[in-house]
Amino acid sequence: MAAAVAILVGVRLYRPQRPGMWYWFAAGQILSVLGDITYDYYLYGLGRVPYPSTADAFYLAAYPFRIMGLLLLPRLRRRDRAGHLIDAAIAVIGLGMVPWTFILHPSAADPSTAALARVISTVYPVADLLLLGILAWLFTNPRSRTPSNRLLNAAAATLLAADTSYSVLTSYFHADPFVLDGVYVASTLLWAAAALHPSMTADPAVMRDLRPEHSAARLCAPAACSLLGPALLLTPYAGANTVDRTAIACGSIVLILLTIARMALILTSLKSKSRDLERLALHDEMTGLPNRRRFEQALRAALADGPARVAFLGLNGFKNVNDELGRPIGDRVLCSLAQRLARAVPQGALLARIGGDEFAVLLPGESRGHLGTVATHLAAQLREPVHLGGHDVLVGVGIGLAEGDSDQPMELLRRAEAAMYAAKHAGQTYRRWEPAIDEQSAGHAQLGAEMRNGLDAGQFRLVYQPIVAVPEQRVVAVEALVRWDHPQRGMVSPARFVPVAEQNGLIIELGTWILRTACRQMAKWRAELGGRAPDKVSVNVSARQLDRPGFAATVADTLAETGLPPHCLAVEVTETAVFEGGQAVATLHELRGLGVQVALDDFGTGHSSLGLLQTVPVDILKVDKSFVDNITEAGRHSVIAETLIRISAAFGIVAVAEGVETAEQAVALHQLGYRLLQGYHFGRPVTEPDFDRGHTGDAGAGRRAPSASAA
């Protein structure tokens with residue numbers, strides 16, 4: 001009774017997902033308690049225990065409840081049910097022939113025992129055989145191996161051992177069965193322990209077992225059970241009895257057939273798993289497309305038959321999708337784009353996901369002219385936004401094309417990938433591979449290595465170009481610009497080495513050096529020049545720097561290290577760097593929180609310039625030089641420049657006109673309302689600008705570009 005209560009307490013305490021089986025166990029335990037009470041009444045109240053009696057009815061009634069609870073315990077996958085049932089049948093028949101030979105048949109054939117007693121004596125072992133079958137079923141199910149389930153298995157096995165021993169003791173030795181009371185008590189305690197163990201809440205459907213499904217134990221156990229039949233035929237007891245020999249022979253035949261069926265299932269399962277492993281090895285798990293290995297196999301086979309053509313696709317801005325919307329949404333976007341591409345590739349082509357946000361298409365037999373058409377069509381499929389989770393996600397693509405009959409398939413794939421990067425760098429939809437791409441890549445690699453050495457050797461330096469307030473002609477700010485004085489190449493243009501630094505990642509280290517050097521110099525000017533020092537220094541920041549979550553912390557550390565107040569620093573970013581949003585815009589908000597100002601460089605030349613003013617925290621607009629060059633002439637440029645100064649005023653943003661090279665341009669800009677100008681007319685970038693020099697008169701009275709010696 002205490003064990004039955006413990007089962008109910010365990011259900012109440014842990015609240016398992018499937019409490020039904022535990023109620024079945026509790027009911028079976030309560031029926032056993034009723035059997036014990038009845039048995040004790042006969043023994044101590046009446047002084048005799050009839051056999052069979054009402055107590056046997058309670059004992060036997062407990063078996064269906066326990067069996068039902070055990071049947072609810074495992075959750076088998078549909079494909080595993082047949083194999084587990086066959087294993088259980090082999091165990092029941094093989095092991096069942098032992099109690100049949102020594103217990104069931106002798107009890108049923110004993111003429112000295114009453115018919116009802118013989119039936120009851122037979123029912124107990126039969127119930128135990130059913131229990132044995134369920135135990136074998138549970139043993140072969142790796143998904144049911146929790147500590148609680150193991151205790152349940154032990155409880156049922158102990159009960160089986162007790163019942164079997166009881167039959168043997170009473171049938172062959174006429175011994176007192178009370179010696180087995182301790183075994184029955186142990187079984188009862190195991191039922192209770194299983195219910196009180198915390199693992200009783202675990203769902204067997206999600207349990208994993210690291211051991212292989214077809215382990216040596218699982219393969220050897222059916223074979224061992226199959227050998228029990230021939231072994232019993234060799235015993236003197238079975239050999240002398242025709243009924244036993246017939247039953248054992250029939251059981252052995254059934255065991256052989258079941259073993260053959262089980263081996264067939266194992267072979268079928270192994271073949272299925274082999275196909276699954278091959279599919280997993282050659283396909284991308286997320287998109288279902290062939291993976292890089294499968295693509296390489298197909299490319300190798302295509303090149304064996306003749307020339308092959310490859311299109312390599314790389315998505316633009318997909319990293320920002322993961323950063324802004326989360327990886328689950330990013331995965332769904334990637335799957336949606338993969339489905340679009342799968343529908344768009346020509347018949348007979350192979351589309352594969354190479355890795356990350358990159359895809360490749362194998363186009364055997366396509367003509368050279370048709371290859372460009374295919375690339376344009378594929379790009380058009382990705383141009384429409386993806387609608388997911390209430391978001392409209394738009395990503396771009398760069399496509400590289402390569403063709404040839406090389407005996408090295410990886411070389412053809414490498415060429416297509418190189419062409420893809422060249423297309424992205426040039427802002428093109430697609431580009432065909434040509435030797436010049438590799439030459440450029442080799443040159444970039446060499447220049448990148450020299451940049452690494454140049455950073456270590458101190459070959460880089462900063463120059464500063466004044467930003468002048470008109471009509472006062474006072475230098476209110478400077479823009480820090482990097483220069484590379486190469487020992488062999490001479491002065492290397494930033495237009496040449498900055499893109500290489502962006503590509504190989506050195507821009508992070510170079511940008512940090514520029515920031516620290518500029519802040520240190522600005523703090524020095526403030527200390528030495530006092531009121532004659534500029535108000536702030538402006539530093540250009542790359543897209544890769546903004547994409548790093550820790551960039552704002554780097555700026556804060558630099559300001560603290562150099563002692564420069566945050567309002568004396570402005571970071572300049574291009575429209576392209578912040579157009580896709582994501583981490584870049586988040587970084588700008590963090591910088592604004594520090595008190596650092598944000599300048600939008602080359603304004604008006606990028607994407608959706610006006611839209612950026614609503615999403616990006618901007619303090620300064622730097623109007624691009626292209627709108628200043630023809631400012632003195634009537635036409636669209638002067639209209640655009642005037643519109644931009646009005647827009648900046650409406651947004652409360654300071655406007656700076658870049659590229660001012662003549663006094664006439666300065667006068668025209670001043671008349672339009674510009675109060676901050678920058679360009680060669682006011683000074684070239686130098687290491688130490690002349691903050692004391694001034695201009696007399698209005699903005700148009702300033703002198704032209706400084707002399708060569710000053711530059």
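Quick caveat: nothing in here was measured; it's all calculated off a predicted structure.

A. The arrangement of the packing of helix H18 (residues 494-504) against helix H19 (residues 506-529) in detail. One way to put it is that H18 packs onto H19 with a least axis distance of 5 Å and a crossing angle of 120 degrees. With respect to H19, the axis of H18 lies oblique. Of H19, the residues touching H18 (which contributes Phe497, Val498, Ala501, Glu502 and Asn504) are Leu506, Ile507 and Leu510. Class assignment of the residues belonging to the contact of H18 with H19 gives a composition of six nonpolar, one polar and one charged.

B. Representation of helix H2 (residues 20-46) within the structure. Spanning 27 residues, H2 covers 38 Å between terminal C-alpha atoms, matching the ideal 39 Å at 1.5 Å per step. Among all positions in H2, only Met21, Trp22, Phe25, Ala26, Gly28, Gln29, Leu31, Ser32, Val33, Gly35, Thr38 and Tyr42 are buried. In the segment just after H2, Gly47 is the residue with positive phi, at about 80 degrees.

C. Representation of the pattern of salt bridges within the structure. What the rule picks out here adds up to 20 salt bridges. The shortest N-O distance in the salt bridge between Glu403 and Arg309 comes to 2.9 Å. Pair noted here: Glu403 is in strand S6 (residues 396-404) and Arg309 is in strand S1 (residues 308-316), with a separation of 94 residues, a long-range link. Residue classification places Arg309 among the buried residues on the basis of a relative accessible area of 15%. Here Arg414 and Glu411 are joined by a salt bridge, their closest N and O atoms 2.9 Å apart. Linking Arg414 with Glu411, this pair stays in helix H16 (residues 409-426), spanning three residues, or about one helical turn. With a relative accessible area of 33%, Arg414 lands in the partly exposed category.

D. Molecular detail of the packing of aromatic side chains. Counted by the stated rule, this structure contains nine aromatic pairs. Ring geometry for Trp525 versus Phe691: centroids 5.1 Å apart, planes at 75 degrees, classification edge-to-face. In this pair, Trp525 is assigned in helix H19 and Phe691 in the segment after strand S16 (676-678), connecting sequence segments 166 residues apart. For the pair Trp525 and Phe691, a shared accessibility class is recorded, and that class is buried. The structure contains a cluster of three or more aromatic residues connected by ring pairs, namely Trp22, Phe25 and Trp191. In this structure, Arg415 is placed above the aromatic ring of Trp433, and the distance from its NZ or CZ to the ring centre is 4.3 Å. Above the face of the Tyr680 ring, Arg684 is positioned so that its terminal group lies 3.9 Å from the ring centre.

E. Spotlight on a nonpolar patch on the surface. A cluster of nonpolar side chains, Met1, Val5, Val9, Leu13, Ile30, Leu34, Ile37 and Leu196, forms an exposed patch at the surface whose accessible area comes to about 690 Å². Elements with a minimum of two residues in the nonpolar patch: helix H1 (2-14) and H2. As for its placement among the helices and strands, Val9 is situated in helix H1. We classify Val9 as partly exposed; its relative accessible area is 40%.

F. Structural detail: the nonpolar core. One finds Leu569, Val578 and Tyr674 to be the most contacted residues of the largest nonpolar core, which totals 76 residues. No other element matches H19, which puts eleven residues into this core. Leaving out residues up to four positions away in the same chain, Tyr674 has contacts with Val470, Val623, Ala641, Leu644, Ile645, Ala655, Ala657 and Leu669. By size, the runner-up hydrophobic cluster in this structure holds 31 residues, among which are Leu315, Ala338, Leu341 and Ala375.

G. Local environment of the side chain of Asp56. Tracing the backbone through its elements, the reader meets Asp56 in helix H3 (residues 54-71). Notably, Asp56 is buried but unbridged: the nearest opposite-charge side chain belongs to Arg48, and the N-O separation is 11 Å. In this structure Asp56 touches Tyr51, Ile120 and Tyr124, once residues within four positions along its chain are discounted.

H. Examining the sheet that holds S1 more closely. Strand order in the open sheet formed by five strands is S2-S3-S1-S6-S7, with mixed pairing between adjacent strands. Of all strands in the sheet, those bounded by a partner on one side alone are strand S2 (350-355) and strand S7 (430-432). Strand-to-strand twist across the sheet, computed as the mean angle between neighbouring axes with direction ignored, equals 20 degrees. Sheet topology note: the S6/S7 ladder contains three bridges and is parallel. Looking at the pairing, Ile399 lines up with Tyr430 of S7. Those strands touched by helix H14 (residues 327-344) are S1, S2 and strand S3 (358-362), and its axis lies near 155 degrees from that of S2.

I. How the structure looks around helix H23 (residues 583-594). Taking 1.5 Å per residue, twelve residues should reach 16 Å; H23 reaches 17 Å between its end C-alpha atoms and fits that length. Every buried residue of H23 is listed here: Gln583, Ala584, Val585, Thr587, Leu588 and Leu591. Once H23 finishes, Gly595 follows within two positions and takes phi at roughly 100 degrees, a positive value.

Conventions adopted
- Residues numbered from 1 in each chain as written.
- Predicted model: local features only at pLDDT ≥ 70, side-chain atom pairs only at ≥ 80, totals over all residues.
- Heavy atoms only, no water.
- Axes fitted to C-alpha atoms, helices over the stretch in contact; angles between N-to-C directions.
- Helix = DSSP H or I, 4+ residues; strand = E, 2+ residues; numbered from the N terminus.
- Parallel < 35°, antiparallel > 145°, perpendicular 65-115°, else oblique.
- Contact = heavy atoms within 4.5 Å.
- Nonpolar A, V, L, I, M, F, W, Y, C, P; charged D, E, K, R; others polar.
- Expected span 1.5 Å × (residues − 1).
- Buried < 20%, exposed > 50% of the residue type's maximum accessible area, 1.4 Å probe, protein only.
- Salt bridge = Lys/Arg side-chain N within 4 Å of Asp/Glu carboxyl O.
- Phe/Tyr/Trp six-rings, centres within 6.5 Å; stacked < 30°, edge-to-face > 60°.
- Lys NZ or Arg CZ within 6 Å of the ring centre and 35° of its normal.
- Patch = residues over 30% accessible without salt bridge, like charges linked within 9 Å, V, L, I, M, F, W, Y side chains within 5 Å.
- Areas by Shrake-Rupley, 256 points an atom, 1.4 Å probe, with all protein chains shown as cover.
- Core = buried A, V, L, I, M, F, W, Y, C linked by side-chain atoms within 4.5 Å.
- Lys, Arg positive; Asp, Glu negative; His and termini not counted.
- Pairing = 2+ DSSP bridges.

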